[in-house]
Amino acid sequence: MKIDDALQKAVALSNDKIENRPAPRTSETKTPVAGESVTLSPLASQLQSIEAAGANEQVYDADKVSAIKSAISSGQFRVDSEKVADGLINTVKDLLTAQR
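A quick note: this is a predicted structure, and the numbers were derived from the prediction, not measured. Counting of residues starts from 1 at the beginning of each chain's written sequence and follows it residue by residue. Local features in a predicted model are, by the rule used here, given only for residues with pLDDT of at least 70; side-chain atom pairs are given and counted only at 80 or more, and totals for whole chains, interfaces and linings are based on all residues. Processing note: side-chain calculations cover all non-hydrogen atoms of the structure and skip hydrogens and water entirely.

Trainee: Just checking my understanding: could you explain the overall build of the protein for this structure?
Mentor: Along its length, the protein carries four helices and zero strands. Comment: elements are numbered from the N terminus, with helices defined as DSSP H or I runs of at least four residues and strands as E runs of at least two. When the helices and strands of the protein are listed from N to C terminus, the series reads α-α-α-α. A burial count over the protein gives 1% of its 100 residues as buried. Summed over its atoms, the accessible surface of the protein is roughly 9,900 Å², and 57% of this surface lies on carbon and sulfur atoms. With a 1.4 Å probe rolled over the protein chains alone, any residue whose accessible area is under 20% of its type maximum counts as buried; one over 50% counts as exposed, and the rest are partly exposed. Here, Shrake-Rupley sampling with a 1.4 Å probe gives the accessible areas, and only protein chains in the shown set may cover a residue.

Trainee: Just checking my understanding: could you explain helix 3 (residues 62-74) for this structure?
Mentor: Between its first and last C-alpha, helix 3 extends 18 Å over 13 residues, near the 18 Å set by a 1.5 Å rise per residue. By the N-cap criterion, in which a side-chain oxygen at the helix start approaches the backbone nitrogen of a residue two or three places on, helix 3 is capped by aspartate 61, the distance to aspartate 63 being 3.3 Å. Note on helix 3: the residue one or two positions beyond its end, glycine 75, has a positive phi of about 80 degrees. Multiply 1.5 Å by the residue count of a helix minus one, and that product is the helix's expected span. Side-chain atoms alone can form a polar contact between residues adjacent in sequence; in general such a contact is a pair of N or O atoms within 3.5 Å, and within protein one must be able to donate a hydrogen while the other accepts it.

Trainee: Sorry, what's going on with a nonpolar patch on the surface here?
Mentor: Two joining distances apply to patches: 9 Å for like charges and 5 Å for nonpolar side chains (Val, Leu, Ile, Met, Phe, Trp, Tyr), and every residue must have over 30% relative accessible area and no salt bridge. Salt bridge, as applied in this entry: a Lys or Arg side-chain nitrogen positioned within 4 Å of an Asp or Glu carboxyl oxygen. Together, Ile68, Ile72, Phe77, Val79, Val84 and Leu88 make up a nonpolar patch on the protein surface, roughly 550 Å² of accessible area in all. Residue assignment for the nonpolar patch shows that the elements contributing at least two residues are helix 3 and helix 4 (81-99). Take isoleucine 68: it is sitting in helix 3. Isoleucine 68 sits in the partly exposed class, given a relative accessible area of 32%.

Shown next as structure tokens:
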């Protein structure tokens, strides 16, 4: 028995399994049922209103991101390793104190 034969048989077996599976349901195959209704909990409704309010505001400073992006592409961006190390140490301290 050659390795190639074993691989071909394995591929054939896996293809048979895939071909014999029923097609996955997608949104196109779902049939809506008349008369059904969905009720959201107050928490879900609150989450939707928070998401809708947050959609209009930026989560980041676009100008700063643009400046960093151009500095990286021009090769002028420098990483302050001491600042990164201090941030990592502070994060670890916070995680250790939170576990207690």
